[in-house]
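Breakdown of the fold
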Amino acid sequence: MNAHSHAPDGDTQTVLVLQGGGALGAYQAGVFEALAEHGAAPDWIAGISIGAINAAIIAGNAPEDRLPQLRRFWDLVSSELQFHLDERIGFARRAFNEASAFLAATVGIPGFYNPRLFPPLNPEWPAELDSLSYYDTAPLRATLLELVDFERINRCETHFSVGAVNVLNGNFAYFDNRERTIGPEHVMASGALPPGFPPVQIDGEWYWDGGLVSNTPLQYVLDNRSQCEMTVFQVDLFSSRGEEPRTMADVAQREKDIRYSSRTRLNTDVSRRLHALRAAAHRLADRLPEEFQDDPDLAALLSCRPAGPVAVMHLINRGKPYESNSKDYEFSRMTVNEHWDAGKADAIHSLDHPDWTGRRLRPDEIITFDLASDCR
C-alpha cells in the first residue's frame with residue numbers, strides 16, 4: 001500500500017513524531033520498520049530523548065541503511081539476559097524484568113552510559129556541571145558518531161528537529177537542521193535526563209532532556225508546518241490511560257505514565273481553535289472595506305495557523321501486566337525485541353485499517369486516529 005494513495009492532488013508532508021521513553025524506544029523502531037515496508041518515508045522527523053536518538057539514526061542514514069542501523073543500536077544497548085521459564089507473565093516475568101533493570105542501573109548500558117566511578121552522592125558537594133549526574137554518557141556520543149552520518153542530517157535531505165530544556169532559564173528549545181548545524185551534542189542534550197545523565201553544553205548554554213517540559217514534539221510540528229496536507233505518525237511510549245493502581249509499585253508506574261504521556265488532544269484542540277480563528281478572520285476580511293485589507297492586525301490573524309488538513313496516526317506503546325516503574329530502563333534483549341515487534345504490529349494494523357486507508361479530510365481539518373487499541 002502506498003501511504004499517500006488516498007490523498008488528493010498536491011503535496012503531502014509525512015512527519016514522524018517520536019516521544020521519549022528510554023528502553024521503550026524499541027517500539028518506535030518497530031513502527032518505523034512497518035512504515036518503511038508501507039512506503040511511508042518521513043519528510044520530517046522530530047524527537048525527544050530516546051526519540052531523538054531514533055530520529056538521528058533514521059535521518060542520518062540512507063533509506064536502505066536505516067533499519068540495519070536501528071537494529072545495530074538496539075542490539076548494542078540490550079543485554080542478552082534470557083528468561084527460560086515457559087510462563088512469561090505474572091510474578092516470574094516481573095522478577096526477571098526487575099533484575100534486568102537493576103543490572104542496567106548498576107553496571108550501565110553498553111554504548112549508552114556508564115556509572116560514574118565517584119558519583120556525586122553527597123548533595124552538598126559542589127562539582128562541575130557536566131559531572132553532576134550518576135552516569136557518564138560519553139559512550140552514547142561514540143555510538144552516535146558511529147551510527148549517524150551528521151553530514152547527511154545537515155544536508156537537510158530530511159527535516160530533523162530535537163527538543164531540549166535550558167537548565168538556567170527553563171525554556172524549551174528545538175535544535176532544527178534548517179536553522180543550525182546539528183551534531184551529536186544536540187541529540188545528547190535532548191536525552192540528558194537528570195539526575196541520571198549530565199546536562200550538555202551547546203553554544204555556552206546547558207541543556208537537559210526535553211521531556212522535563214514536553215515529552216512529545218507534536219505541538220512544535222503543528223506550529224511550524226508548511227501550508228500543505230500533513231500526515232503525522234505520532235509514536236508515544238507512555239500511555240495516558242491506565243488501570244486503577246493496586247500496589248505502591250502500580251502507583252509509581254502510573255505516575256510516570258501520566259507525567260511523560262503526550263497531550264495529543266490538547267495539541268490538536270489548540271490547533272483546531274487556531275484554525276477556527278483563522279477561518280473567522282477570513283470571513284471578517286471579506287466584509288471589511290478596502291482600506292483595512294492591509295491592516296497588520298488582520299494579517300496576523302490570517303496567518304495564525306498554516307493551511308492544510310492534518311491526519312495524525314497515534315501509535316501508543318501500551319503497558320504489559322508484568323511491567324513496572326523500571327520499564328524505561330529495562331534493556332533485556334527479550335523485552336527490547338517485544339517492544340519492537342509490538343510497534344511493528346500496531347503500525348501494520350493501523351496502516352491497513354479501513355478508517356485510515358479510506359480517510360477523507362476537509363480543508364484545514366485535523367483528525368487523530370488511534371486504531372491499534374482494538375487489536376490488543
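Only a predicted model underlies this, so the values are computations on that prediction, with no experimental measurement involved.

Calculation criteria
- Residues numbered from 1 in each chain as written.
- Predicted model: local features only at pLDDT ≥ 70, side-chain atom pairs only at ≥ 80, totals over all residues.
- Heavy atoms only, no water.
- Helix = DSSP H or I, 4+ residues; strand = E, 2+ residues; numbered from the N terminus.
- Buried < 20%, exposed > 50% of the residue type's maximum accessible area, 1.4 Å probe, protein only.
- Contact = heavy atoms within 4.5 Å.
- 1 Å grid on protein atoms, 1.4 Å probe; cavity = no way out; pocket = protein on both sides within 12 Å on 5 of 7 lines; lining within 4 Å.
- Points joined across faces, edges and corners; volume = space filled by probe spheres on them.
- Nonpolar A, V, L, I, M, F, W, Y, C, P; charged D, E, K, R; others polar.
- Polar contact = N/O pair within 3.5 Å; in protein donor to acceptor, adjacent residues only side chain to side chain.
- UniProt positions renumbered as here; feature names shortened; annotations may be inferred.
- pLDDT = per-residue confidence, 0-100.
- Axes fitted to C-alpha atoms, helices over the stretch in contact; angles between N-to-C directions.
- Parallel < 35°, antiparallel > 145°, perpendicular 65-115°, else oblique.
- Left-handed = near helix turned anticlockwise from the far one by under 90°.
- Expected span 1.5 Å × (residues − 1).

Assigned secondary structure in the chain consists of 13 helices and eleven strands. Evaluated residue by residue, the chain yields a buried proportion of 52% over its 376 residues. Intrachain contacts of the chain at a sequence separation of at least 6 include 75% that bridge at least 24 residues.

Now for the layout of surface pockets. If you add up the space inside the largest pocket, you get close to 660 Å³. G22, L193, F197, D328 and Y329 are the residues nearest the centre of the largest pocket, which is lined by 34 residues in total. Among the elements of the structure, α2 (50–59), α4 (90–107) and α9 (248–260) are those that each provide at least two residues to the lining of the largest pocket. Take the lining of the largest pocket: its biggest share by element is three residues, from α9. Classifying every residue of the lining of the largest pocket by side-chain character gives 21 nonpolar, nine polar and four charged. Estimates place the volume of the second largest pocket at around 530 Å³.

The next thing to look at is the side chain of S78. Summarising the element assignment, S78 is placed in the loop between α3 (66–77) and α4. A polar atom in the side chain of S78 sits 2.5 Å from the side chain of R333. Not counting residues up to four positions away in its chain, the partners in contact with S78 are F331, S332, R333 and V336.

On to the UniProt feature "short sequence motif: GXGXXG" (unreviewed entry) in the chain. UniProt records the feature "short sequence motif: GXGXXG" (unreviewed entry) at residues 20–25, using the numbering of this structure. Summarising residues 20–25: 0% helix, 0% strand, and an end-to-end C-alpha distance of 7 Å.

Now for the confidence of the model for the chain. Per-chain confidence: the chain averages 87 in pLDDT, with 90% of residues scoring 70 or above. Predicted confidence for residues 1–10 stays below pLDDT 50, and this span has 16 contacts to residues more than four positions away or in other chains.

Here we come to the packing of helix α1 (residues 26–37) against helix α12 (residues 333–351). The contact between α1 and α12 brings their axes to 6 Å, and the two run at 40°. Our classification of the angle between α1 and α12 gives oblique. Along this stretch, α1 crosses α12, giving a crossing that reads as right-handed. For the pair formed by α1 and α12, the contact residues are A26, Y27, A29, G30, V31, E33, A34, L35 and E37 on the first element and V336, H339, W340, A342, G343, K344, D346, A347, I348 and L351 on the second. Of the residues in the contact of α1 with α12, the class split is twelve nonpolar, three polar and four charged.

In this model α1 runs 17 Å from its N-terminal to its C-terminal C-alpha over twelve residues, within 8% of the 16 Å that 1.5 Å per residue would give. Counted residue by residue, α1 has ten buried out of twelve residues, so it is predominantly covered. Here α1 has its buried residues at A26, Y27, Q28, A29, G30, V31, F32, E33, A34 and L35. In this structure, the buried residues of α1 make contact with β1 (12–18), α2, α3, β9 (229–236), β10 (310–316) and α12. Where α1 terminates, the next one or two residues include G39, which has phi positive at roughly 75°.

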